[in-house]
Amino acid sequence: DTAVSQTPKYLVTQMGNDKSIKCEQNLGHDTMYWYKQDSKKFLKIMFSYNNKELIINETVPNRFSPKSPDKAHLNLHINSLELGDSAVYFCASSQVRDRVPLHFGNGTRLTVT
Amino acid sequence: GIQVEQSPPDLILQEGANSTLRCNFSDSVNNLQWFHQNPWGQLINLFYIPSGTKQNGRLSATTVATERYSLLYISSSQTTDSGVYFCAVGTQGGSEKLVFGKGTKLTVNP
């Protein structure tokens, strides 16, 4: 009965490869997010989707492309991976209009070698 | 953009001690949340508290929006309280765009 689940938990890959991270929430929330946590634990929003519509797109290289097939799913595809992309990526969801707090997934640790 | 500062950056306690973590922010906010990241990396929402005071067991939080700060109190700390505590603020009522502080790393020793 996991609320926000993301896969895979760990991802080790070489520079130049393309990879995807998947996220699903079963809370019925209308908004989903991708956050990046760097090696110093700093958390920064990357993208936000509300009912499949992109509403926040922070300054992120266009190698990162989010896709939301429906409001319960938000995937993150990364092209041409670079060493600096190594981080923990968190998916999250909330119900914005009802001011529901942010619920995070367990994170995906991406290591680019 | 809005700035969020948390203090102290690091805190070491003995089990049973009490502590206060502080979050200062540079502008008016309509959304403030506290999170705990445990040693396994999981981020758990503790409080949604844009103003006022809330309590949940040994934890409580107070936000004084007019003075642009929030406090998280941990009483009778336990080793399971260890981890990083984050404050996040937003200028909209929902969680649309939260800005996170750099966190307070808490270590509770047995």
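Note that the structure is predicted; figures quoted are calculated from it, not measured.

Q: In this structure, what is going on with the packing of aromatic side chains? I would like to understand it.
A: Between two aromatic rings, the relevant description is the distance of the centres plus the angle of the planes. The tally for this structure, following the rule as stated, stands at nine aromatic pairs over all chains. A ring pair is formed by Y33(A) and Y35(A), whose centres lie 6.3 Å apart and whose planes are at 45°; its orientation type is tilted. According to the relative accessible area criterion, Y33(A) is buried, its value standing at 0%. Judged by centre distance (6.2 Å) and plane angle (75°), the rings of F86(B) and F100(B) are edge-to-face. Of the two residues, F86(B) is situated in strand β9 (residues 83-90) and F100(B) in strand β10 (residues 99-100); the sequence distance between them amounts to 14 residues. The pair formed by F86(B) and F100(B) is uniform in burial state, with each residue classed as buried. Through successive ring pairs, a cluster of aromatic residues spans Y33(A), Y35(A), F90(A), F104(A), F35(B), F86(B) and F100(B). Here the guanidinium or amino end of R22(B) rests over the ring plane of Y69(B), the centre of that ring lying 4.2 Å away.

Q: How do you make sense of the sheet that holds strand β6 (residues 52-56) of chain B when you look at a structure like this?
A: Sheet strands pair via backbone hydrogen bonds, and the direction of the pair is either parallel or antiparallel. All names here are of chain B. Reading across from one edge, β1-β3-β8-β7-β6 is the order of the five strands in this open sheet, with antiparallel pairing throughout. The open sheet has two free edges, formed respectively by β1 (4-7) and β6, since each of these has just one partner strand. Taken over all neighbouring pairs, the strand axes of this sheet differ in orientation by 15° on average, direction set aside. With six bridges joining them, strand β7 (residues 59-64) and strand β8 (residues 69-74) adopt antiparallel strand pairing. From the neighbouring strand, T62 faces β8, where its bridge partner is L71.

Q: Would you take a moment to explain the pattern of salt bridges for this structure?
A: Evaluated as defined, the whole model comprises five salt bridges over all chains. Of the charged contacts in the structure, one is a salt bridge between R63(A) and E82(A), with a shortest N-O distance of 3.5 Å. Of this pair, R63(A) sits in the loop between β6 (53-57) and β7 (64-70) while E82(A) sits in the loop between β8 (73-78) and β9 (87-94), and the two are 19 residues apart along the sequence. One salt bridge in this structure joins D85(A) and R63(A), with 2.8 Å as the shortest N-O distance. Here D85(A) is found in the loop between β8 and β9, whereas its partner R63(A) is found in the loop between β6 and β7, with 22 residues between them in sequence. Sharing partners across several salt bridges, the network here consists of K44(A), E58(A) and K97(B).

Criteria and thresholds
- Residues numbered from 1 in each chain as written.
- Chains lettered and ligands numbered in written order.
- Predicted model: local features only at pLDDT ≥ 70, side-chain atom pairs only at ≥ 80, totals over all residues.
- Heavy atoms only, no water.
- Phe/Tyr/Trp six-rings, centres within 6.5 Å; stacked < 30°, edge-to-face > 60°.
- Buried < 20%, exposed > 50% of the residue type's maximum accessible area, 1.4 Å probe, protein only.
- Helix = DSSP H or I, 4+ residues; strand = E, 2+ residues; numbered from the N terminus.
- Lys NZ or Arg CZ within 6 Å of the ring centre and 35° of its normal.
- Pairing = 2+ DSSP bridges.
- Axes fitted to C-alpha atoms, helices over the stretch in contact; angles between N-to-C directions.
- Salt bridge = Lys/Arg side-chain N within 4 Å of Asp/Glu carboxyl O.

The quantities given are spatial measurements derived from coordinates; they are silent on function.
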